[in-house]
Every structure is written in structure tokens, then in C-alpha cells.
Amino acid sequence: MALTSTNKIDLTHLLDPDNISLYPDDPAFKCCPIATVSNDSYSVHSLSLGSHTGTHIDAPSHFIEGGITIDEVPLEQTTDRKAIAVDLTYKKGGEKITWEEDLADKLAALSVNLEGLVLLLYTGWSKYWGTPTYTESYPFLDRRAAEQLLFRGIKTIGMDTLSPDQIDGPEGYGVHNSILGAGGLLVENLNNLSALVEGETVAEVMVSFVPLSLKGCDGSPVRAFGWKVWKD
Ligand SMILES: [Zn+2]
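Here we summarise the structure given alongside this text. If you're wondering where the values come from, they're calculated on a predicted model, not measured in any experiment. (Residues numbered from 1 in each chain as written. Predicted model: local features only at pLDDT ≥ 70, side-chain atom pairs only at ≥ 80, totals over all residues. Heavy atoms only, no water.)

Our next topic: the coordination of the zinc ion. Six octahedrally arranged donors around a metal ideally form angles of 90 or 180 degrees; four tetrahedrally arranged donors ideally form angles of 109.5 degrees. At this site the zinc ion is bound by H52 (ND1), H56 (NE2), D58 (OD) and E188 (OE), with donor distances of 2.0 to 2.4 Å. With 4 donor atoms in place around the zinc ion and angles of 72 to 164° between them, the coordination shape is irregular. Of note, the donors binding the zinc ion are all from one chain and are spaced H-x3-H-x1-D-x129-E. The pair H52 / H56 is uniform in exposure class, with both members buried. (Donors = N, O, S within 2.8 Å, 3.2 Å for Na, K, Ca; no water. Tetrahedral: all angles 85-135°; square planar, octahedral: opposite > 155°, others 65-115°. Buried < 20%, exposed > 50% of the residue type's maximum accessible area, 1.4 Å probe, protein only.)

A separate point is the pattern of salt bridges. Scanning the model with the defined rule gives 9 salt bridges in all. Linking K228 and E198 is a salt bridge whose minimum nitrogen-to-oxygen distance equals 3.3 Å. Residue K228 is found in the segment after β12 (219-227), and its partner E198 is found in the loop between α6 (193-197) and β11 (202-211); the two are separated by 30 residues along the sequence. In this structure, the salt-bridge partner of K228 is E200, at a minimum N-O distance of 3.0 Å. Separated by 28 residues along the polypeptide, K228 in the segment after β12 and E200 in the loop between α6 and β11 bring together distant segments of the chain. (Salt bridge = Lys/Arg side-chain N within 4 Å of Asp/Glu carboxyl O. Helix = DSSP H or I, 4+ residues; strand = E, 2+ residues; numbered from the N terminus.)

So, about the environment of E65. Looking at the secondary structure, you find E65 in the loop between β4 (56-58) and β5 (81-87). E65 sits in the exposed class, given a relative accessible area of 81%. Separated by 46 residues in the primary sequence, E65 and N19 have C-alpha atoms spaced 33 Å apart.

Here the focus is the packing of helix α2 (residues 99-110) against helix α4 (residues 143-151). α4 packs onto α2 with a crossing angle of 25° between their chain directions and a minimal axis gap of 10 Å. Accordingly, the angle class assigned to the pair α2 and α4 is roughly parallel. Residues W99, L103 and L107 of α2 lie in contact with α4, whose contacting residues are A145, Q148 and L149. Within the contact of α2 with α4, the residues separate by chemical class into 5 nonpolar, 1 polar and no charged. (Axes fitted to C-alpha atoms, helices over the stretch in contact; angles between N-to-C directions. Parallel < 35°, antiparallel > 145°, perpendicular 65-115°, else oblique. Contact = heavy atoms within 4.5 Å. Nonpolar A, V, L, I, M, F, W, Y, C, P; charged D, E, K, R; others polar.)

Tallied over the entire structure, the rule returns 4 aromatic pairs. Centroid distance F63 to Y173: 4.9 Å. Interplanar angle 50°. Geometry classified as tilted. On the criterion of sequence distance, the pair formed by F63 in the loop between β4 and β5 and Y173 in the loop between β9 (156-159) and α5 (174-181) is long-range, its members being 110 residues apart. The partly exposed category is assigned to F63, whose relative accessible area is 27%. For Y173, a relative accessible area of 39% corresponds to the partly exposed category. Over the ring of W227 we find K8, and its NZ or CZ is 4.7 Å from the ring centre. (Phe/Tyr/Trp six-rings, centres within 6.5 Å; stacked < 30°, edge-to-face > 60°. Lys NZ or Arg CZ within 6 Å of the ring centre and 35° of its normal.)

In C-alpha cells:
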């Protein structure tokens, strides 16, 4: 195993009400002081946000009736995961990421068993965070590509965009339904994947994305971070 770095790279967007991208109709993010050190001798804030605010995980119950909820997702599925990050920064907004054109050759070139790995789709879209471009048009994953990934045992997909599905696209929530329907996880609105990929076309990395334990909830904001370690 080649150890290149164990420095943690933060893959999380700062939750800042003045610089945020939200899915249409999702609730606003608020972090308001209700006590301050100067007035009360201690500081406390109230938080108001949605279960899919900022960098977050979708649990299967987000789309699947009877699917497991975020508090039921085992820690093993969200921490210390081996991952493959694929550079897709050549894709444009509204363009489809397909199995044949964008993933098959790159994953085959690694010569690793894909079973149980996390796939990270690095589109570079995080640079548009907080702007209309982020929510209006971004590269999205073809449902058939998601099915190819599932067939090879990849059930967790992370991306630096709002959604793996095209917003208001003709295929609806096809990727959400495929991945979450298979008991997998989606991690959305990742940040800073460039620091993890470091100019490689395909990078073998480690990731954790740690949700809150929210009873019965369909997702949770996470602190996501990655590091470089594994090469079998
Ligand atoms: Zn979500």
C-alpha cells in the first residue's frame, strides 16, 4: 500500500445563509443567536434548515417507501470508505455523464474490483455555489450509468452538484430511484474535490461523510472529508 498523504481535505460547503445554493422549494438556512456572551454570559444559536441543506446525504427513505432512514444507515457506510474520484470537469451544464463515454474506460483502467467502492463525480461545479448557475444547469448522471455502477457493486455516489438527476429533466428522478432503491446512498453538494483529485483523471482516495442521527429522517447535512491513502 502506498501512503501518499493522510491530511484531511474538507469536502463540505460552509453553511452560510448569505452564500448558499438550495434545491427549489427547500427551506432557507438560518443560524440565529438566541443568547450571547455579552448579554447572557453564554452563546447559543437556533438552527433552521432542511434535511438536504448544504453538503448532505440522501438516505434510501428519501425516495423509497419503507427504505431505511438516516439514523438507520450504518456508520460503516459513511466513514472510512474507499472511493474513486473521476475527473469530469470537461462536462458542461445540462450535459449527461454516460457510462460509455465518461466512466467505463476510466474505471477499467484502474484494474481494481469496484465492488463496494464509493464513486465521486468531480465536475468542478462547486465553484458556482451560491450562484444561479449552480442550481439551473449542471452535468448530471445518466440513469443507465447508475445501473451499470450498481451492477458492478457501486452503491454510493457522491457529486459536487445539486443532484445526480437533471433538474426538471425528462427522466425525472431516475438516478435517485435506482441508487436509493438498491439501498445505496447519494452524497450531494460536495466541495473541493479538486484537492482530492489533484490533476489525476481517476484518483483512488478515502472519504467519510458523517450525518447527524435524526430519527426517521430522509437525509442529513454532513461533514464530508477525504484523504489519500489506498492503493492495493
Ligand atoms: Zn438530497
